[in-house]
Amino acid sequence: MPKLKIAVVFHSVCANTYQMAREYRDAFQKLGAEVLFYRLHDPNYAVTADAFPASREYKNEILSVEELHSPAQVLDCDALFLGSPTYFGNVSAPVKVFMDSFVDYWVEARLAGKFFGGFASAGTPQGGGDICLQALCHFAMHMGMCLISVPSTVTGTVQPAYGVCHWSGDNSDQRLTPEEREAIRSYCAFAWGLIAGKGAQA
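This structure is a prediction, so every number in the text was calculated from the model and none was measured.

How each quantity is defined
- Residues numbered from 1 in each chain as written.
- Predicted model: local features only at pLDDT ≥ 70, side-chain atom pairs only at ≥ 80, totals over all residues.
- Heavy atoms only, no water.
- Core = buried A, V, L, I, M, F, W, Y, C linked by side-chain atoms within 4.5 Å.
- Buried < 20%, exposed > 50% of the residue type's maximum accessible area, 1.4 Å probe, protein only.
- Helix = DSSP H or I, 4+ residues; strand = E, 2+ residues; numbered from the N terminus.
- Contact = heavy atoms within 4.5 Å.
- Expected span 1.5 Å × (residues − 1).

Visitor: What am I meant to see in the nonpolar core here?
Guide: Grouped burial of nonpolar side chains is what soluble globular proteins tend to show. By size, the foremost hydrophobic cluster in this structure holds 38 residues, and its most contacted members are I6, Y24, F28, F81, F119 and Y187. When residues in this core are grouped by element, the largest group, eight residues, is from helix α8 (residues 178–195). The contact partners of Y187, leaving out residues within four places of it in the chain, are Y24, F81, G117, I148, S149, V150, V154 and V164. Counting residues in each nonpolar core, the second largest holds 30 residues, with V9, V74, L111 and A135 among its members.

The following block contains the structure:
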């Protein structure tokens, strides 16, 4: 039986969303999935990443991740997990471009019935991370995808129902805590149960 295929796609400048994406990738690989791991194109990244110490730290590592060139690259996946930094209570421009690039596939309902989960980073709990996650969920709903929300049984840290969120601080330099990593692994295990048809297993 072929492995289930999961796409983990992210945009990150200060590396917090990137670190979350790595946790998703590693968790699903350990659970037995084939994981496609992509960063989104950011025309300003080379300049922006040099502007902050938090972003310079992981610049080369992020640039080493394969860049997604077309939404067609994830159409054959069983599930899509999409991550964005929070900009003014919304997704970043590269994530919005990525979502909008599915317009032709929306007409054909090419993503309908596939699973979806969103994750985000934000400066503070008041920084709009939950609203950013809702924007990701709205995209999935318009595509006809099956949302995998965060159940109350996920361990580690308390998370919004809309997806996993990391709060990175005013300077975006507060990295994932062990408890947040545990929350991502716990959520992925729950999601895997649904994707693999084994039922909810938080």
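Now, onward.
Visitor: I'm lost on helix α1 (residues 16–31) in this one. Help?
Guide: Since there are 3.6 residues in each turn of an α-helix, residues three or four apart along the chain are aligned in direction. Taking 1.5 Å per residue as the helical rise, α1 with its 16 residues ought to reach 22 Å, and the 23 Å between its terminal C-alpha atoms agrees with that figure. Residues of α1 that are buried include every one of N16, T17, Y18, Q19, M20, A21, R22, E23, Y24, A27 and F28, and no others. Taken from the residues just after α1, G32 is the one with a positive phi, measuring 110°.

Visitor: Explain α8 to me, please; I cannot follow it from the model alone.
Guide: Between the first and last C-alpha of α8 there are 25 Å, a value that for 18 residues agrees with the 26 Å anticipated at 1.5 Å per step. Where α8 is concerned, the buried positions are E180, A183, I184, S186, Y187, C188, F190, A191, W192, G193 and I195. In this structure, the buried residues of α8 make contact with β1 (5–10), α1, β3 (79–85), β4 (115–122) and β6 (164–167). The first or second residue beyond α8 is G197, which carries a positive phi of 75°.

None of this, on its own, says anything about what the molecule does.
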